[in-house]
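Coordinate analysis (summary)
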Amino acid sequence: MSLKDELIQDRLPNHVAIIMDGNGRWAKQRGNSRMFGHKHGVTAVREVTEAAAELNIKYLTLYAFSTENWSRPKTEVDALMSLLVSTISSETGTLMKNNVRLNAIGCKETLPRGVQAKLEDCIKKTSENTGLTLTLALSYSSRWEIIEAFKGVAKRVKNNELSIDDIDADLVSSYMATAGIPDPELMIRTSGEQRISNFLLWQLAYSELYFCNILWPDFRRDDFYRALLDFQGRERRFGKTGDQIKK
Ligand code: FPP
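Given the structure is predicted, the values throughout are model-derived calculations rather than measurements.

1. Looking at the environment of Lys-4
For Lys-4, the position within the fold is in helix H1 (residues 3–6). On the accessibility criterion, Lys-4 (32% relative accessible area) is partly exposed. On a C-alpha basis, the gap between Lys-4 and Tyr-225 in space is 6.0 Å, while along the polypeptide they are 221 residues apart. Apart from the residues within four sequence positions on either side, Lys-4 is in contact with Glu-54, Leu-55 and Tyr-225. Looking at Lys-4, its side chain comes within polar contact range of the side chain of Glu-54, at 3.2 Å.

Here you go:
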């Protein structure tokens, strides 16, 4: 039986978020430049996106470039931005074929104009697709997002459009960049690092965390299925007792 066949269809997560880590180390192990790792990382992005779409998972969110990544050497940042443009161009057809809708979260104004334009174009072209929503977190950090949410709520309170007592978890969620998207039930991080790194801090409150040692460019469908199988073996309690959940 293949790993895919072992999955229980009605216990798949609706939303999987991934910190794609280890491109640099993968390249270094091969005596190559960091960009070599990022380029090979695209294959893993394609595999996981196709696998998620096939399984009818509704949302996949990939941490592609953090606010902190701007402080990497300019040559790497520039090359990553070019890679994003070329990948979005070359993959738009595959996204259409797989009924995938592209979405982006992050401080998009800080991205180079070419990246913004390419993103907008692909988001528009795929906007009617009804399968998987693929969200790229670009120039994203959770603290940035939370600060933006604070500002948005404070402005409405100041203008008397909102009372302080109206502020609850649903309202805060509606001010996050992921508004309208359910919280991830599963967050995967590759490469052996066990950190959240400023990714979806609000949304990951009850997510199952899965860490594996595989470096991102090596991550394939079976590794994704393994993460999903591990998720399916867990008991999600949301603060309740095990006995309460079983009832
Ligand atoms: C982390 O590995 C990876 C990134 C910062 C970039 C991720 C980009 C891609 C996978 C390619 C393009 C993506 C899309 C969505 C088209 P790292 O560089 O921090 O690796 P290291 O920790 O081994 O140095």
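2. What to know about the site of the ligand
If you check the shell around the ligand, you find 15 residues, and the closest are Asp-21, Gly-24, Arg-25, Arg-34 and Arg-72. At 3.0 Å, a side-chain N or O of Asp-21 approaches an oxygen atom of the ligand. A distance of 2.7 Å separates an oxygen atom of the ligand from a polar atom in the backbone of Arg-25. Against a free-state accessible area of 620 Å², the protein chains account for coverage of 91% of the ligand. Placement of the ligand is best described as lying within the largest pocket. Elements with a minimum of two residues in the shell around the ligand: helix H2 (23–29), helix H3 (34–54) and helix H4 (74–97).

Cut-off values and rules
Residues numbered from 1 in each chain as written. Predicted model: local features only at pLDDT ≥ 70, side-chain atom pairs only at ≥ 80, totals over all residues. Heavy atoms only, no water. Helix = DSSP H or I, 4+ residues; strand = E, 2+ residues; numbered from the N terminus. Buried < 20%, exposed > 50% of the residue type's maximum accessible area, 1.4 Å probe, protein only. Contact = heavy atoms within 4.5 Å. Polar contact = N/O pair within 3.5 Å; in protein donor to acceptor, adjacent residues only side chain to side chain. Near = heavy atom within 4 Å. Areas by Shrake-Rupley, 256 points an atom, 1.4 Å probe, with all protein chains shown as cover. 1 Å grid on protein atoms, 1.4 Å probe; cavity = no way out; pocket = protein on both sides within 12 Å on 5 of 7 lines; lining within 4 Å. Sits in = over half its atoms within 2 Å of the grid points.

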